[in-house]
Amino acid sequence: MLAYHATCLPEWTDYNQHMNDAMYGRVFSDAIDALMINVGLNSEYRRSTSCTIYTLEDHRWYEREVHEGAHLTVETHVIEVDQKRIHVWQALLVAGERCAVSETMLMHISQEGQMPKAAIMPDHIQRAVQTHLTHSDLLPRAGRMGFTQKK
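Residues numbered from 1 in each chain as written. Predicted model: local features only at pLDDT ≥ 70, side-chain atom pairs only at ≥ 80, totals over all residues. Heavy atoms only, no water.

Caption draft 1: Spatial organisation of the pairing of strand β4 (residues 85-94). Judged by how many residues are buried, β4 sits mostly within the fold: 9 of 10 residues are covered. Linkage of strand β3 (residues 71-81) to β4, two consecutive antiparallel strands, is achieved through a turn of 3 residues. Taken together, the 10 bridges between β4 and strand β5 (residues 97-110) define a ladder with antiparallel strand orientation. The residue of β5 that forms the bridge with I86 is L106. With antiparallel pairing between neighbouring strands as the criterion, β4 and β5 make up a hairpin whose turn holds 2 residues, including A95 at a positive phi of roughly 50 degrees. (Buried < 20%, exposed > 50% of the residue type's maximum accessible area, 1.4 Å probe, protein only. Helix = DSSP H or I, 4+ residues; strand = E, 2+ residues; numbered from the N terminus. Pairing = 2+ DSSP bridges.)

Caption draft 2: Molecular detail of the nonpolar core. Ranked by size, the top nonpolar core spans 17 residues in total, and within it L35, M36, L41, I86, L106 and V129 carry the most contacts. Within the residue set of this core, elements represented by two or more residues are α1 (21-38), β2 (51-62), β3, β4 and α3 (123-130). At 3 residues, the largest contribution of residues to this core is made by α1. One finds C8, W12, M23 and V27 within the second-largest nonpolar core, a separate group that totals 16 residues. (Core = buried A, V, L, I, M, F, W, Y, C linked by side-chain atoms within 4.5 Å.)

Laid out in structure tokens, this is it:
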């Protein structure tokens, strides 16, 4: 699990005086960026390999309102990883209480050539991602997405 911290800024709130739904996406995305940096998928890696991560699918569940000035913690867990994909589950917490949950499927992509395409992650990156693995049975709402095996 990797923890990411932020504060709900005034410009993140809407006419209902709570954090706008689009800003949850931003905070979850920023936390995924922190995970990517942690496992070596940083700007140097992207520059030297022409590879990056794309989001294939994400789902969010809102459980409590978040208000301006709230100190946010996003806990990011990896549910599954294979040669090309990373399945992530995240919880956004305020004062230890869960306010939202996100589940995201990411794909390692090569941007070389005319069209971006799925690419195998280097072994050292896969191993670094695996250090964040958490069994999905321990995570509420986890597992709505998942890897399917082709035969």
